[in-house]
Amino acid sequence: MSTGEALTVVAVILGAHGVRGDVRVKSFTEFPEDAFAYGPLLGEGGEEMIDAASLRPSKDQFIVTPKHTRQKEEWDGLKGTLLHVPRAALPDTEDDEIYVEDLVGLSVTDPDGIRIGAIKAVQNFGAGDLIEIDPVGGGTSVFVPFTEEDVPAVNVSAGSIVVATYDLWADASEDEEDA
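In short, a report on the structure. (Residues numbered from 1 in each chain as written. Predicted model: local features only at pLDDT ≥ 70, side-chain atom pairs only at ≥ 80, totals over all residues. Heavy atoms only, no water.)

Before going further, it helps to examine the overall build of the protein chain. When you go through the protein chain residue by residue, the secondary structure sums to two helices and 13 strands. When its C-alpha atoms are laid out on the principal axes, the protein chain stretches across 55 × 40 × 30 Å. Counting over 179 residues, the protein chain shows a buried share of 36%. Surface accessibility of the protein chain: about 10,600 Å² in total, with carbon and sulfur atoms responsible for 49%. Counting 12 positive and 35 negative side-chain charges, the protein chain places the averaged centre of each group 16 Å from the other. (Helix = DSSP H or I, 4+ residues; strand = E, 2+ residues; numbered from the N terminus. Buried < 20%, exposed > 50% of the residue type's maximum accessible area, 1.4 Å probe, protein only. Areas by Shrake-Rupley, 256 points an atom, 1.4 Å probe, with all protein chains shown as cover. Lys, Arg positive; Asp, Glu negative; His and termini not counted. Charge placed at Lys NZ, Arg CZ, Asp CG, Glu CD.)

A surface patch of nonpolar side chains, about 240 Å² in accessible area, is lined by Val-9, Phe-28 and Leu-82. Mapping Leu-82 onto the fold places it in strand β7 (residues 82-86). (Patch = residues over 30% accessible without salt bridge, like charges linked within 9 Å, V, L, I, M, F, W, Y side chains within 5 Å. Salt bridge = Lys/Arg side-chain N within 4 Å of Asp/Glu carboxyl O.)

Here the focus is the pattern of salt bridges. What the rule picks out here adds up to six salt bridges. Note that Lys-26 is salt-bridged to Asp-60, the shortest N-O span being 3.6 Å. One end of the pair, Lys-26, is in strand β2 (residues 22-27); the other, Asp-60, is in the loop between β5 (52-58) and β6 (61-66), with 34 residues separating them in the sequence. You can call Asp-60 exposed: its relative accessible area is 51%. In this structure, the salt-bridge partner of Lys-72 is Asp-76, at a minimum N-O distance of 2.7 Å. A residue pair is termed a helical-turn pair when its members lie 3 or 4 positions apart in one helix, as Lys-72 and Asp-76 do in helix α1 (residues 72-77) at four residues.

Attention shifts here to the pairing of β7. Where burial is concerned, most of β7 is hidden: four out of the five residues are buried. Inspection of the sheet shows strand β1 (residues 7-17) paired to β7 by five bridges, in the antiparallel sense. The residue bridging Thr-8 from the neighbouring strand is Val-85, located in β7. (Pairing = 2+ DSSP bridges.)

Let us look at the environment of Leu-103. Tracing the chain through its elements places Leu-103 in the loop between β7 and β8 (107-109). Residues Leu-103 and Ile-161 lie 58 residues apart in sequence; the distance between their C-alpha atoms is 8.4 Å. The residues contacting Leu-103, other than those within four sequence positions of it, are Ile-98, Ile-119, Val-122, Ile-131, Phe-146, Val-154 and Ile-161. (Contact = heavy atoms within 4.5 Å.)

This paragraph deals with the nonpolar core. Judged by nonpolar contacts, the single largest core of 19 residues is most densely connected at Ile-13, Val-25, Ile-50 and Leu-83. If you list the elements that add at least two residues to this core, you get β1, β2, β4 (48-50), β6 and β7. For this core, the leading source of residues is β1, giving four residues. By size, the runner-up hydrophobic cluster in this structure holds 15 residues, among which are Leu-103, Val-108, Val-142 and Val-163. (Core = buried A, V, L, I, M, F, W, Y, C linked by side-chain atoms within 4.5 Å.)

Below, the discussion takes up the packing of aromatic side chains. Within this structure, the stated rule accounts for one aromatic pair. When the ring of Phe-36 is compared with that of Phe-62, the centres are 5.3 Å apart and the planes differ by 75°; the resulting orientation is edge-to-face. Here the residue Phe-36 occupies a position in the loop between β2 and β3 (41-42), and Phe-62 occupies one in strand β6, the gap between them amounting to 26 residues. You can call Phe-36 buried: its relative accessible area is 16%. The aromatic ring of Trp-75 is capped on one face by Arg-70, whose charged end is 5.1 Å from the ring centroid. (Phe/Tyr/Trp six-rings, centres within 6.5 Å; stacked < 30°, edge-to-face > 60°. Lys NZ or Arg CZ within 6 Å of the ring centre and 35° of its normal.)

Next up on the list: the side chain of Thr-8. Note that Thr-8 resides in strand β1. What Thr-8 contacts, discounting residues up to four positions off in sequence, is Leu-83, His-84, Val-85, Arg-87, Leu-90 and Glu-101.

The subject of this paragraph is the environment of His-17. Its location among the elements puts His-17 in strand β1. Given the relative accessible area of 31%, His-17 is considered partly exposed. When residues no more than four places from it in sequence are discounted, the contact partners of His-17 are Asp-22, Val-23, Arg-24, Arg-56 and Ile-63. Side chain to side chain, His-17 and Arg-56 meet in a polar contact 3.5 Å long. (Polar contact = N/O pair within 3.5 Å; in protein donor to acceptor, adjacent residues only side chain to side chain.)

Everything listed here is a matter of coordinates, which is why it stays silent on function.
What follows is the structure, encoded as C-alpha cells:
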C-alpha cells in the first residue's frame, strides 16, 4: 500500500484471546462485522495487522483467527492499536451520512455565521461522539456533543458546521478548569 493513501479507522485491537494466536477486536463501524469487509486491517502506517481467516462475535467484540497468527504476548502488546482500511475501500455515504473523520478540520461557526474555531478531533469516551473545537484565538479546546441539538448543520463540502450551544459547553469547560 502506498504511504500517501488515506486510511480510515474501523476497529481497535483489544488483546489476545487464548494462546492459539486469536485476537480480540472491537469494531467501530455501524454494522460491526463490516470492519472486516474491506480487506486486511492495517496499522496507521499502512502495514497489514490482521487479515481475518475467520471471526466470531463475542459480546461487544469479535474473536478473530488471523491468517497470519502472532504469539499471545505480541497481541497483548498491541492492545489499543487502531486498525484502518483504505478510505477508497469504503462505500460512498448517503446524503444524510458522513464519516466522522471528515469532520476534522472543518470550520465551526455559531448560528449567526460568526467563526468560533475549527474541529481538532472527534472523540468518544463511551457516551457518544464529542467534537473537540480549537477556539479562534487559541485557548483550551471545548468539547461539544455531536448531536442534532448541539450541531444543527453540517456541510462537509463547504468545510463548515454550525454549533448552536458552544457558549454552554465553553462555560462548562471553564468551570472544570477552575475546580
